[in-house]
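What the coordinates show
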Amino acid sequence: MIVLQLQFLLVLFLTSILGEAQHVMQDAALMNYIDRRILSLENRLEKCNQDILDYVEEFRDFSQMVLSRLAALNKYETEVKSEVENLLTRVERAQRDIDYFGSVTDSNTCIEVGEDLVKQQLLEAEEEKRKLKLVLNASCDHMLAGVKSLKIVKKTGDKHGSWMKDPGKKHTKIYLLNSSVNNVIFEFTNIMTFMESNHTLKARRITLPFPWEGTGHVIYQGFLFYHRHGSLNEIIKFNIQKRNIADQMVLPGAGRIPAYQLSPSTKIDLAIDEQGLWAIHSEPDTGGNIVITKINHITMSVEHTWDTSCNSKDAEAAFIACNTLYVVYNFPSGGTSRIQCVYDVLDAINTYEIPALHFPKRQGSHSTVHYDPKEKQLLAWGDGSQIIYKLHTTQKV
């Protein structure tokens, strides 16, 4: 009996020892497996670090290559720009020569007319001039001889817009009308307030009952005159102080095509000079030539209309100073603006002897060029910048 109990205890002891040995072997195998996985991860991390170092080296080489190529491109751009400017100068000279030979050819054309008819036409022309001199101030005798300098006052707003003063008032307020379609005017106390960085904080906001179209609006005698958006040729007279519409009119023949080919959003360009309010536009019936109309700003009625010889093709803007239209031309891609066509409503200027007047060297285009008769300067909007051009004038010949 005792022997059987001893055998049973021996079997239990051996079974316990074998189980522990089996557990020890399993733990050793697990540790071996974990060691192998950690070693594999270390190898992969080492390879990853090496790949990163190789990538950084390749990126450094690529950056150096890009920088060197950019430097070469900048040099090439400068050379191309210089060549383009030289080409533009040659093209402008060639265009002036073509215009000159064209005028000589036209002047040599002979048409036989009756002597009585010629006398009648001359008498009618003299009578027309006499009436016009009664309407317009004939004492306005200066003409533009050149654009002396430019000053970029600020760069704010969209590519299209206009900014202006009220030449008919003694105040120094500045008005900003951003975009070619909008209904909010910003009014600033003076030029210094306008030049501050955050212009909207110190500006008085004026909301119009109807939005404007284009950039050809003006402020005169406390009223804003603008082309109503959505209408063919309706001009609104808006009282800025009372904030209401004072009057309106329809400008016959206007609004069907842009006033200037390079400013397609402006169908009617309003202007102010020493004589008051004018409208500049183009008509298909005139072959795209520019038409100017003198408007009575009080009664909002047409006083007289002139069909000019200035074409709207390649024109970007125009202004009127001392009864004379000056049309600003440019290239479709932008460039140096120039005045190539001048039209005096009283024929007091020999326009054929006036050379092309170039603006100070500035590449780009103008959305608006307006004459300020009070300061005898131009207020322009060029590619979002507000610009002042100082003028050089001389007596009309």
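To keep things clear, this report deals only with the structure shown in the data block. Every chain begins its residue count from 1, and numbering advances along the sequence as written. In keeping with the model being predicted, local features are shown solely for residues with a pLDDT of at least 70 and side-chain atom pairs are shown and tallied solely at 80 or more, while totals for entire chains, interfaces and linings include all residues. Computation of side-chain values covers all heavy atoms of the structure but excludes hydrogens and water.

**Quick notes on the state of the cysteines**
The term disulfide refers to a covalent linkage connecting the sulfur atoms of a pair of cysteines. Our working definition: Note on terminology: pairs of cysteine sulfur atoms within 2.5 Å are recorded as disulfides. Secondary structure follows DSSP: runs of H or I at least 4 residues long count as helices, runs of E at least 2 residues long count as strands, and numbering of each begins at the N terminus. When a residue's accessible area, from a 1.4 Å probe over protein chains only, is under 20% of the maximum for its type it is buried; when over 50% it is exposed; and in between it is partly exposed.
The full count for this structure, using the stated rule, is two disulfides. Residue Cys310 pairs covalently with Cys341 via a disulfide, S to S 2.0 Å. The disulfide joining Cys310 to Cys341 has a torsion of about -85 degrees about its S-S bond and is therefore left-handed. Taken together, the positions of Cys310 in strand E13 (residues 301-311) and Cys341 in strand E16 (residues 338-344) put the pair 31 residues apart, joining distant regions of the chain. By relative accessible area, which is 0% here, Cys310 ends up buried. By sequence order of its bonded cysteines, the protein chain has the disulfide arrangement 1-3, 2-4.

**What about the packing of aromatic side chains?**
For clarity, the cut-off: When the centres of two rings from Phe, Tyr and Trp lie within 6.5 Å, Trp using its six-membered ring, the rings pair. Their planes under 30 degrees apart give stacked, over 60 give edge-to-face, and anything left gives tilted.
As enumerated under the stated definition, the model contains six aromatic pairs in all. Ring centres 6.3 Å apart and planes at 25 degrees place the aromatic pair Tyr55 and Phe59 in the stacked group. Residue Tyr55 and its partner Phe59 are both found in helix H1 (residues 2-107); the two are separated by four residues, about one turn of the helix. For Tyr55, a relative accessible area of 53% gives the class exposed.

**Observations regarding the pattern of salt bridges**
Keep this limit in mind: Whenever Lys or Arg places a side-chain nitrogen within 4 Å of a carboxyl oxygen from Asp or Glu, that contact is recorded as a salt bridge.
Under the defined criterion, the tally for this structure stands at 10 salt bridges. The closest approach of N and O atoms between Lys202 and Glu196, which form a salt bridge, is 3.3 Å. It is possible to trace a salt-bridge network through shared partners that takes in Lys173, Glu187 and Arg204.

**Examining a nonpolar patch on the surface**
This is how the line gets drawn: To count toward a patch, a residue needs a relative accessible area above 30% and no salt bridge. Like charges then connect within 9 Å, nonpolar side chains (Val, Leu, Ile, Met, Phe, Trp, Tyr) within 5 Å. Calculation of accessible area relied on Shrake-Rupley with a 1.4 Å probe; when residues are assessed, cover is drawn exclusively from the protein chains displayed.
A contiguous nonpolar patch, built from Ile52, Tyr55, Val56, Phe59, Phe62 and Met65 and spanning about 590 Å² of accessible area, is present on the exposed surface. Within the secondary structure layout, Met65 lies in helix H1. Judged by its relative accessible area of 33%, Met65 is partly exposed.

**Quick look at empty space enclosed by the protein**
Short version of the rule: Whether a set of points on the 1 Å grid over the protein atoms alone is a cavity depends on a 1.4 Å probe fitting there but being unable to get out, while an open set qualifies as a pocket with protein on both sides within 12 Å along at least five of seven lines; lining residues are those with an atom within 4 Å of a point. Grid points are joined across faces, edges and corners, and a volume is the space filled by probe spheres set on the points. Basically, the charged four are Asp, Glu, Lys and Arg, the nonpolar ten are Ala, Val, Leu, Ile, Met, Phe, Trp, Tyr, Cys and Pro, and anything else, Gly included, counts as polar.
Scanning the entire structure with this criterion turns up three cavities of 30 Å³ or more. Met164, Lys165, Pro167, Val218, Ile219, Ala271, Ile272, His370, Tyr371, Asp372 and Leu379 together form the lining of the largest cavity. Secondary structure elements with two or more residues in the lining of the largest cavity: strand E6 (218-220), strand E10 (269-273) and strand E18 (368-372). With three residues, E18 is the largest single contributor of residues to the lining of the largest cavity. By residue class, the composition of the lining of the largest cavity is eight nonpolar, one polar and two charged. If you add up the space inside the second largest cavity, you get close to 60 Å³. Lining the second largest cavity are His142, Met143, Leu144, Phe319, Ala321, Cys322, Tyr326, Tyr371, Lys376, Leu391 and Thr393. Those elements that place two or more of their residues in the lining of the second largest cavity are strand E1 (142-155), strand E14 (315-321) and strand E20 (385-395). Take the lining of the second largest cavity: its biggest share by element is three residues, from E1. Counted by class, the lining of the second largest cavity contains eight nonpolar, two polar and one charged residues.

**Some remarks on the environment of Val345**
With respect to the secondary-structure elements, Val345 resides in the loop between E16 and strand E17 (357-358). The exposure class assigned to Val345 is buried, which follows from its relative accessible area of 5%. Residues Val345 and Trp306, 39 residues apart in the sequence, show an inter-C-alpha distance of 7.3 Å.

**Structural notes on the pairing of E16**
For the record, the criterion: The pairing criterion for strands is at least two bridges between them, as found by DSSP.
Across the seven residues that make up E16, a large majority, six, are buried. In terms of strand pairing, strand E15 (residues 324-329) meets E16 through six bridges, oriented antiparallel. Residue pairing for E16: Leu325 is matched across the bridge by Tyr343. Pairing analysis gives two bridges linking E16 to E17, with the strands arranged antiparallel. The residue of E17 that forms the bridge with Arg338 is His358.

**A few points about the nonpolar core**
Spelled out, the test is: Buried Ala, Val, Leu, Ile, Met, Phe, Trp, Tyr and Cys residues form a nonpolar core when they are joined through side-chain atoms within 4.5 Å. Only heavy atoms matter for contacts: two residues are in contact if any of them lie within 4.5 Å across the pair.
Membership of the largest hydrophobic core comes to 21 residues, with the highest contact counts inside it found for Leu144, Phe319, Tyr326, Ile339, Phe359, Leu378 and Tyr389. Secondary-structure elements contributing two or more residues to this core are E1, E14, E15, E16, E18, strand E19 (377-382) and E20. Excluding its chain neighbours within four sequence positions, the residues that come into contact with Tyr326 are Met143, Leu144, Ala318, Phe319, Ala321, Ile339, Cys341, Val342 and Ile349. Judged by nonpolar contacts, the second largest core, of 19 residues, contains Ile290, Ala315, Ile320 and Tyr329.

**Comments concerning the layout of surface pockets**
By volume, the second largest pocket is sized at about 200 Å³. Surrounding the second largest pocket, 16 residues form its lining, Lys159, His160, Leu262, Ser365 and His366 being those nearest its centre. When grouped by side-chain class, the residues that make up the lining of the second largest pocket number three nonpolar, 10 polar and three charged.

**Quick look at the sheet that holds E20**
What counts, and what does not: Axis geometry follows a simple rule: fit a line to the C-alpha atoms, using only the stretch in contact for helices, then measure angles between N-to-C directions, giving values from 0 to 180 degrees.
Strand order in the open sheet formed by four strands is E1-E20-E19-E18, and the pairing between neighbours is antiparallel. The strands lining the two open edges of the sheet, one partner per strand, are E1 and E18. Adjacent strand axes in the sheet meet at a mean angle of 20 degrees, parallel and antiparallel pairs treated alike. Judged from the six bridges that link them, E19 and E20 form a sheet pairing that is antiparallel. If you follow Ala380 over to E20, its bridge partner there is Ile387.

Shape descriptors only; they carry no functional weight alone.
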